[in-house]
Structure formats: C-alpha cells, structure tokens
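Descriptive analysis of the structure
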Protein chains: 2
Amino acid sequence: MNEQSYPEFTGLELSPRKIDYLKFILEKDGTVKTTEISSGLQVDPSTTSKTLNELASAGYLNHIPYRGVDLTELGEAYTQFLVRRHRILSLLLTHYGLSPEEACDEVSRFEAFVSRDAVDKICSSMGHPMFGVCGEISHGKCLHEENHH
Amino acid sequence: MNEQSYPEFTGLELSPRKIDYLKFILEKDGTVKTTEISSGLQVDPSTTSKTLNELASAGYLNHIPYRGVDLTELGEAYTQFLVRRHRILSLLLTHYGLSPEEACDEVSRFEAFVSRDAVDKICSSMGHPMFGVCGEISHGKCLHEENHH
DNA sequence: GAAATTTTTTGGTGCAAGCCCAAATTTTGT
DNA sequence: ACAAAATTTGGGCTTGCACCAAAAAATTTC
C-alpha cells in the first residue's frame, strides 16, 4: 500500500508533534508500546497514550488498549509520505549552502506545513532523486508524474 | 535602520499570525488604525487590539491607545526580514515547478518556521537575487556575505 | 495462581495562541 | 454637547501539547 492509494490527503492533516509519533512508529516497524514511544519522544506516557488515541481515531493507527499500536494502511502510506517530504526538503536545502544537519533541523521545524502537492512538484523537478541527506528516498508516490506515463 | 542592526534575532520569534500583522502594518506605512488591520486580516477588532498590544510589548510596535500603531526601529528591521524571507523562499519554490501564486501560498504557510540563518544561506547561494515573484527583494541584510567583504 | 510490580490509561490541570461576543471606554463628527 | 463610531477590556471557547495523580490492566515473581 502506498501514497497513490490515498489521493485525498493534502499533507497538512497532522501537527508537527503527531508527525514525530508516526515517524517513530514507522521506524520501529511492527507493534509499538506506549513506553517505547514516550521515552523515544521524551514525553510523559500519559501524553503519549492520549496522542495515540487521537491518531487511532483519525485512522492512522490500530490501537489495542494496553497492548500497543501499529500503522494502518492509511498510516503506513501517510508516514511514507512524511518521510519522503522530510528527505526531499532536506536535500533541497543542502543545495543552498546548508549542511545536512542544518537542513534536517530546519526542515523538521517547517515540514508539517508543506503540502503534498508542493512536495510532488519539487520531487518531479529534481528528477525524483533516490538518495537524500538522511536516507533513501522511496518513490512511486508522486501523483503528478505517475499520472502521465 | 536595517536587519544588521539587530544581529540577535533568529527569525523564529513570531507566530504566523503575528507575521501577518507586521507585514500588513509595513505595507500601510505610517500610523495604522485597529479597524484597518482587523478588516484587512478579517479578524474581530478585539482580537486585533490584543495582538497589537502583544506586539507592542515585545518591542515591534509603538501603540498609542485609541490612536493606532506604527513600527519601532526593531519592528521595521524585523519586518524587512520577514518580507525578504517570504520573497526568497517564494522565488526558490518557483524554481521547482510551482507557479508564483502556489509558491506564495505555500511559503505563507511555513515561512514562520524558517530561520534567518537558513534564509541568509539560501540568499547567498542564489546570488542575492533582486527580484522575487512578489516584489523587489531588498538586500544589505544577509549577515553572512556582508561580513566577509 | 495469587500478590506485587510495571505499564497503560483516565481524569484533572495548565499554558500558549487564536478567535469571538458583549460591555465599557475613548474619540470623532454633527 | 450628544450621538455615532472606533477601540479596548473582560469573559469564554477551541486546539495542541504538556504534566501529575489515581485507576485499571498486564506482567512478573514467588
């Protein structure tokens, strides 16, 4: 399941903090426990618990109470977009004099407010680069290009 | 008075909404009344009044109650940065397949979270362009370049 | 397998940023 | 000077994000 399966999202649905949660969960791959997340994100377990509930209500996570969470199909597709967005934008900034670390930090601050549409256009315009400054960039996701060939 | 006079700010001091207020006030040039701002930003006058107070307390505005506001030296320098940031980032995005309007809209959403440092680096790297997609880009402000010649 | 410990959730609170409404205050215009 | 318009103040609401304390469920230990 990938981004194309969900043409409806704009990339502006989630707050910066919620993005951190999804990215963390994607990295862990599989069922993740509340404690793992709260120590990973340096936040109180009760805060984590509530946020996980919100993300589950919004359809990004399956949450079995007292057991843990894992990404739904939507959550997986969405988080893949989140990672691609982060990597594309970071790579972009390194082309303008920022170091990889600076670019990463900078992007982390504003990425939540960059639309999927803009990311797809930037991605196409850069020729769908395969590697970013913080990992591989996986494609098969830019709606634009995909649609015309 | 320009940005160099205030080497201390990072560009991350103000919320997106407060940026709107300062930009609007800069455009009007001179003393601006509460009503003008509230109709310009489509917001209740009471909201405007409170926000103007906050911006005045933070040193960006002179506020004479019931009379109006105008930019302080800091406010003027800061708002010049805000405008430069907006224009540089918009110009940047138009190099990646976004139309001027799309670029403008996109940047408006995230510009508040892009640091002065990053803007200066991008600006240098682009060769200090003089024109952006939404107006002239005035320089004499990138700390970096200025400092080494 | 029952008790103790750990994990997770729930309920309450707080803070910051924004917004609106209604009422009070000040200014403006006649 | 008085009415109208503009501005401010006080109160309340929402969202996002955080914490603490207490309750509930799961896990570990004996």
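Residues numbered from 1 in each chain as written. Chains lettered and ligands numbered in written order. Predicted model: local features only at pLDDT ≥ 70, side-chain atom pairs only at ≥ 80, totals over all residues. Heavy atoms only, no water.

A water-sized probe rolled over the atoms picks out the places where empty space is left. As a volume, the largest pocket reaches approximately 300 Å³. Lining the largest pocket are 17 residues, and of these A:Lys23, A:Glu27, A:Val83, A:His86 and A:Glu111 sit closest to its centre. Among the secondary structure elements, those contributing two or more residues to the lining of the largest pocket are helix H1 (16–28), helix H4 (73–94) and helix H5 (100–110) of chain A. Tallying contributions element by element places H1(A) first for the lining of the largest pocket, with six residues. Tallied by class, residues from the lining of the largest pocket come to eight nonpolar, two polar and seven charged. Approximately 220 Å³ is the volume attributed to the second largest pocket. Around the second largest pocket sit B:Asp20, B:Lys23, B:Leu26, B:Glu27, B:Val83, B:His86, B:Arg87, B:Cys104, B:Ser108, B:Glu111 and B:Cys134, which together line it. Of all the secondary structure elements, the ones that give two or more residues to the lining of the second largest pocket are helix H1 (16–28), helix H4 (73–94) and helix H5 (100–110) of chain B. Counting residues per element, the lining of the second largest pocket draws most heavily on H1(B), at four residues. Residue composition of the lining of the second largest pocket, by class: four nonpolar, two polar and five charged. Counting the residues that make up the lining of the second largest pocket, at least three belong to each of domain 1 (13–71) and domain 2 (76–147) of chain B. (1 Å grid on protein atoms, 1.4 Å probe; cavity = no way out; pocket = protein on both sides within 12 Å on 5 of 7 lines; lining within 4 Å. Points joined across faces, edges and corners; volume = space filled by probe spheres on them. Helix = DSSP H or I, 4+ residues; strand = E, 2+ residues; numbered from the N terminus. Nonpolar A, V, L, I, M, F, W, Y, C, P; charged D, E, K, R; others polar. Domains from an automatic or database assignment.)

Let's shift gears to the interface of chain A and chain B. Opposite the 20 residues of chain A that make contact, chain B presents 20 residues. Across the chain A/chain B interface, buried area totals approximately 1700 Å², and carbon plus sulfur atoms make up 64% of it. Counting across the chain A and chain B interface gives two salt bridges. Here B:Glu102 makes a salt bridge to A:Lys121, at a shortest N to O gap of 2.3 Å. (Contact = heavy atoms within 4.5 Å. Buried area = accessible area lost by both parts, 1.4 Å probe. Salt bridge = Lys/Arg side-chain N within 4 Å of Asp/Glu carboxyl O.)

Another aspect to go through is unusual backbone geometry. Glycine aside, negative phi is the norm for most residues, and most peptide bonds take the trans geometry. Residue and element names in this part refer to chain B. Here the phi dihedral of Gln 42 falls at roughly 55°; this positive angle occurs in a residue that is not glycine. Its location among the elements puts Gln 42 in the loop between helix H2 (34–40) and helix H3 (45–57). Accessibility expressed as a relative area gives 73% for Gln 42, which makes it exposed. Here Tyr 66, not a glycine, exhibits a phi torsion of approximately 70°, which is positive. Using a relative accessible area of 86% as the deciding quantity, one classes Tyr 66 as exposed. (Buried < 20%, exposed > 50% of the residue type's maximum accessible area, 1.4 Å probe, protein only.)

Moving on, we come to empty space enclosed by the protein. Applying the stated rule across the entire model yields one cavity of 30 Å³ or more. Considered as a void within the structure, the largest cavity measures approximately 120 Å³ in volume. Taken together, A:Leu89, A:Leu92, A:Leu93, A:Phe110, A:Val114, A:Ile122, B:Leu89, B:Leu92, B:Leu93, B:Phe110, B:Val114 and B:Ile122 form the lining of the largest cavity. Only H4 of chain A together with H4 of chain B provide two or more residues apiece to the lining of the largest cavity. In the lining of the largest cavity, the residues fall into 12 nonpolar, no polar and no charged.

To continue, consider the relation of the copies chain A and chain B. Relative to chain B, chain A is turned by 179° and slid 0.1 Å along the rotation axis, the superposed coordinates differing by an RMSD of 0.1 Å. The transformation just described matches what one would write down for a two-fold rotation axis. Among all C-alpha atoms of chain A, that of A:Phe110 lies closest to the rotation axis, at 2.7 Å. When the interface residues of chain A are mapped onto chain B, 100% of them again fall at the interface, so both copies present the same face. (Least-squares fit on C-alpha atoms with pLDDT ≥ 70 in both.)

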